[in-house]
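Topology and contacts: notes
Here's the letter readout for the chains.
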Amino acid sequence: MSKAEKTRQFIIAQSAPVFNIKGYENTSLSDIQEVTGLTKGSVYGNFADKNELAIAAYQYNYDEVADRLVQCVKEAGTAADKLKSILDFYRKNWKNIARLGGCPIVNAAVEADDHAVFLKGHVQKSILDFAGLLQRIIEKGQRTKEFKQDISAQDYAYIMLTTLEGGILLAKIMHSNQRLWMALDRIQLIVDQEIKL
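The structure displayed is predicted, hence computed values, not measured ones. (Residues numbered from 1 in each chain as written. Predicted model: local features only at pLDDT ≥ 70, side-chain atom pairs only at ≥ 80, totals over all residues. Heavy atoms only, no water.)

For the structure on display, the rule yields four aromatic pairs. Ring centres of F19 and Y24 lie 5.5 Å apart, and the angle between their planes is 15°; on these two criteria the pair is classed as stacked. Between F89 and Y90, the ring centres sit 5.2 Å apart and the planes meet at 90°, which makes this aromatic pair edge-to-face. With respect to class, F89 is no different from Y90; both count as buried. Grouping aromatic residues by their ring pairs yields a cluster made of F19, Y24, Y58 and Y62. A cation over an aromatic ring shows up here: R91 above the ring of W181, its NZ or CZ 5.6 Å from the ring centre. (Phe/Tyr/Trp six-rings, centres within 6.5 Å; stacked < 30°, edge-to-face > 60°. Buried < 20%, exposed > 50% of the residue type's maximum accessible area, 1.4 Å probe, protein only. Lys NZ or Arg CZ within 6 Å of the ring centre and 35° of its normal.)

Right, dumping it as C-alpha coordinates:
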(Lines give C-alpha, C1' and ligand atoms only; values in the text may rest on other atoms or scores of the structure.)
Protein backbone atom coordinates (compact mmCIF):
# COMPACT_ATOMS: atom_id res chain seq x y z
CA MET A 1 0.00 0.00 0.00
CA SER A 2 1.41 3.39 -1.00
CA LYS A 3 1.75 6.31 1.42
CA ALA A 4 -1.22 8.03 -0.26
CA GLU A 5 -3.36 4.87 0.08
CA LYS A 6 -2.36 4.54 3.76
CA THR A 7 -3.31 8.17 4.37
CA ARG A 8 -6.64 7.67 2.61
CA GLN A 9 -7.41 4.56 4.69
CA PHE A 10 -6.39 6.39 7.87
CA ILE A 11 -8.80 9.24 7.11
CA ILE A 12 -11.63 6.80 6.41
CA ALA A 13 -11.01 4.71 9.56
CA GLN A 14 -10.74 7.74 11.83
CA SER A 15 -13.72 9.61 10.42
CA ALA A 16 -16.10 6.64 9.93
CA PRO A 17 -17.33 6.53 13.56
CA VAL A 18 -17.84 10.30 13.53
CA PHE A 19 -20.03 10.09 10.43
CA ASN A 20 -22.05 7.25 11.99
CA ILE A 21 -22.54 9.13 15.28
CA LYS A 22 -23.04 12.71 14.06
CA GLY A 23 -24.59 11.93 10.69
CA TYR A 24 -23.29 12.09 7.15
CA GLU A 25 -24.62 15.59 6.54
CA ASN A 26 -23.83 16.99 10.00
CA THR A 27 -20.22 15.86 10.13
CA SER A 28 -18.06 18.85 9.27
CA LEU A 29 -14.58 19.16 7.85
CA SER A 30 -13.54 20.46 11.29
CA ASP A 31 -14.79 17.19 12.83
CA ILE A 32 -12.70 15.22 10.34
CA GLN A 33 -9.64 17.39 10.96
CA GLU A 34 -10.06 16.94 14.71
CA VAL A 35 -10.09 13.13 14.62
CA THR A 36 -7.38 12.80 11.96
CA GLY A 37 -5.10 15.64 12.99
CA LEU A 38 -4.77 16.54 9.31
CA THR A 39 -5.18 19.82 7.49
CA LYS A 40 -8.03 20.62 5.12
CA GLY A 41 -5.60 20.26 2.23
CA SER A 42 -4.51 16.80 3.39
CA VAL A 43 -8.11 15.62 3.66
CA TYR A 44 -9.20 17.03 0.30
CA GLY A 45 -5.96 15.91 -1.30
CA ASN A 46 -7.29 12.38 -0.84
CA PHE A 47 -11.01 12.92 -1.53
CA ALA A 48 -12.73 15.03 -4.15
CA ASP A 49 -15.23 16.33 -1.58
CA LYS A 50 -16.96 15.47 1.69
CA ASN A 51 -19.53 13.30 -0.09
CA GLU A 52 -16.81 11.02 -1.46
CA LEU A 53 -15.37 10.65 2.05
CA ALA A 54 -18.86 10.10 3.51
CA ILE A 55 -19.50 7.26 1.04
CA ALA A 56 -16.16 5.65 1.90
CA ALA A 57 -16.89 6.09 5.62
CA TYR A 58 -20.34 4.52 5.24
CA GLN A 59 -18.87 1.54 3.40
CA TYR A 60 -16.23 1.18 6.11
CA ASN A 61 -18.88 1.28 8.85
CA TYR A 62 -21.05 -1.28 7.07
CA ASP A 63 -18.12 -3.59 6.25
CA GLU A 64 -16.96 -3.56 9.88
CA VAL A 65 -20.27 -5.09 10.98
CA ALA A 66 -20.89 -7.23 7.89
CA ASP A 67 -17.45 -8.87 7.98
CA ARG A 68 -17.94 -9.87 11.60
CA LEU A 69 -21.42 -11.23 10.86
CA VAL A 70 -20.12 -13.29 7.95
CA GLN A 71 -17.41 -14.73 10.19
CA CYS A 72 -20.01 -15.73 12.80
CA VAL A 73 -22.09 -17.40 10.10
CA LYS A 74 -19.07 -19.31 8.73
CA GLU A 75 -18.24 -20.67 12.17
CA ALA A 76 -21.79 -21.96 12.80
CA GLY A 77 -22.83 -25.43 11.65
CA THR A 78 -26.46 -25.89 10.62
CA ALA A 79 -28.58 -23.28 8.88
CA ALA A 80 -30.53 -22.73 12.11
CA ASP A 81 -27.24 -22.25 13.97
CA LYS A 82 -26.13 -19.73 11.35
CA LEU A 83 -29.27 -17.65 11.86
CA LYS A 84 -28.86 -17.92 15.63
CA SER A 85 -25.24 -16.78 15.31
CA ILE A 86 -26.46 -13.51 13.78
CA LEU A 87 -28.88 -12.96 16.65
CA ASP A 88 -26.17 -13.82 19.17
CA PHE A 89 -23.80 -11.38 17.48
CA TYR A 90 -26.18 -8.50 18.17
CA ARG A 91 -26.79 -9.60 21.76
CA LYS A 92 -23.05 -9.82 22.46
CA ASN A 93 -21.98 -6.70 20.57
CA TRP A 94 -24.88 -4.30 21.03
CA LYS A 95 -23.11 -2.07 23.57
CA ASN A 96 -20.17 -1.52 21.25
CA ILE A 97 -22.40 -1.01 18.21
CA ALA A 98 -24.45 1.55 20.13
CA ARG A 99 -21.28 3.30 21.34
CA LEU A 100 -20.20 3.70 17.71
CA GLY A 101 -23.53 5.29 16.75
CA GLY A 102 -25.72 2.26 16.08
CA CYS A 103 -26.40 0.36 12.88
CA PRO A 104 -24.78 2.02 9.85
CA ILE A 105 -27.67 0.90 7.61
CA VAL A 106 -30.36 2.49 9.79
CA ASN A 107 -28.40 5.70 10.29
CA ALA A 108 -27.51 6.19 6.64
CA ALA A 109 -30.91 5.05 5.35
CA VAL A 110 -32.75 7.83 7.18
CA GLU A 111 -30.38 10.46 5.79
CA ALA A 112 -30.21 8.95 2.30
CA ASP A 113 -33.98 8.91 1.99
CA ASP A 114 -34.42 12.49 3.21
CA HIS A 115 -31.51 14.54 1.96
CA ALA A 116 -28.16 12.74 1.59
CA VAL A 117 -29.27 11.16 -1.68
CA PHE A 118 -25.66 10.50 -2.70
CA LEU A 119 -25.72 7.65 -0.15
CA LYS A 120 -28.95 6.03 -1.32
CA GLY A 121 -27.51 3.53 -3.80
CA HIS A 122 -24.85 2.43 -1.32
CA VAL A 123 -27.40 1.88 1.44
CA GLN A 124 -29.68 -0.02 -0.92
CA LYS A 125 -26.78 -2.29 -1.88
CA SER A 126 -26.04 -2.97 1.81
CA ILE A 127 -29.66 -3.89 2.44
CA LEU A 128 -29.63 -6.24 -0.54
CA ASP A 129 -26.36 -7.78 0.70
CA PHE A 130 -27.64 -8.34 4.23
CA ALA A 131 -30.97 -9.73 3.03
CA GLY A 132 -29.05 -11.89 0.56
CA LEU A 133 -26.97 -13.37 3.38
CA LEU A 134 -30.13 -14.29 5.29
CA GLN A 135 -31.79 -15.64 2.16
CA ARG A 136 -28.80 -17.87 1.32
CA ILE A 137 -28.83 -19.31 4.84
CA ILE A 138 -32.54 -20.11 4.59
CA GLU A 139 -32.08 -21.64 1.14
CA LYS A 140 -29.24 -23.77 2.49
CA GLY A 141 -31.57 -24.99 5.23
CA GLN A 142 -34.15 -25.86 2.59
CA ARG A 143 -31.58 -27.82 0.57
CA THR A 144 -30.49 -29.78 3.64
CA LYS A 145 -34.14 -30.47 4.58
CA GLU A 146 -33.71 -28.50 7.80
CA PHE A 147 -36.23 -25.84 6.77
CA LYS A 148 -39.64 -26.03 5.13
CA GLN A 149 -39.65 -26.24 1.35
CA ASP A 150 -42.83 -24.26 0.76
CA ILE A 151 -41.67 -20.96 2.25
CA SER A 152 -40.17 -17.98 0.45
CA ALA A 153 -36.57 -17.62 1.60
CA GLN A 154 -36.51 -14.07 0.28
CA ASP A 155 -39.68 -13.05 2.11
CA TYR A 156 -38.43 -14.46 5.40
CA ALA A 157 -35.03 -12.82 4.90
CA TYR A 158 -36.71 -9.43 4.63
CA ILE A 159 -39.03 -10.12 7.58
CA MET A 160 -35.96 -10.90 9.69
CA LEU A 161 -34.03 -7.89 8.42
CA THR A 162 -36.85 -5.41 9.02
CA THR A 163 -37.52 -6.85 12.49
CA LEU A 164 -33.84 -6.65 13.37
CA GLU A 165 -33.32 -3.12 12.03
CA GLY A 166 -36.50 -1.91 13.72
CA GLY A 167 -35.32 -3.35 17.02
CA ILE A 168 -31.95 -1.66 16.60
CA LEU A 169 -33.58 1.68 15.83
CA LEU A 170 -35.82 1.53 18.92
CA ALA A 171 -32.97 0.35 21.15
CA LYS A 172 -30.84 3.27 20.01
CA ILE A 173 -33.43 6.01 20.34
CA MET A 174 -34.81 4.69 23.65
CA HIS A 175 -31.34 4.03 25.14
CA SER A 176 -32.45 0.53 26.08
CA ASN A 177 -31.76 -2.88 24.58
CA GLN A 178 -35.24 -4.12 25.60
CA ARG A 179 -36.82 -3.64 22.17
CA LEU A 180 -33.82 -5.10 20.38
CA TRP A 181 -33.93 -8.18 22.61
CA MET A 182 -37.66 -8.47 21.86
CA ALA A 183 -36.94 -8.28 18.11
CA LEU A 184 -34.19 -10.90 18.37
CA ASP A 185 -36.50 -13.20 20.37
CA ARG A 186 -39.22 -12.73 17.73
CA ILE A 187 -36.83 -13.67 14.93
CA GLN A 188 -35.82 -16.81 16.82
CA LEU A 189 -39.50 -17.66 17.29
CA ILE A 190 -40.09 -17.22 13.55
CA VAL A 191 -37.21 -19.59 12.83
CA ASP A 192 -38.45 -22.17 15.33
CA GLN A 193 -42.16 -22.03 14.52
CA GLU A 194 -42.42 -20.97 10.87
CA ILE A 195 -39.19 -21.97 9.13
CA LYS A 196 -37.89 -25.15 10.76
CA LEU A 197 -39.40 -28.50 9.81
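What follows concerns the side chain of N107. Its location among the elements puts N107 in helix 6 (residues 104-114). Of the residues examined, N107 reaches a relative accessible area of 19% and is grouped as buried. There is a polar contact of 2.8 Å between the side chain of N107 and the backbone oxygen of G101. (Helix = DSSP H or I, 4+ residues; strand = E, 2+ residues; numbered from the N terminus. Polar contact = N/O pair within 3.5 Å; in protein donor to acceptor, adjacent residues only side chain to side chain.)

Moving on, we get to the pattern of salt bridges. Following the criterion strictly, the structure yields seven salt bridges and no others. Close ionic contact of D31 with K22 constitutes a salt bridge, the shortest N to O distance being 2.9 Å. Judged by its relative accessible area of 40%, K22 is partly exposed. Between K125 and D129 there is a salt bridge, and its shortest N-O distance comes to 2.9 Å. One end of the pair, K125, and the other, D129, are both in helix 7 (residues 120-143), four residues apart, so they sit about a helical turn from each other. Since its relative accessible area comes to 32%, D129 is described here as partly exposed. (Salt bridge = Lys/Arg side-chain N within 4 Å of Asp/Glu carboxyl O.)

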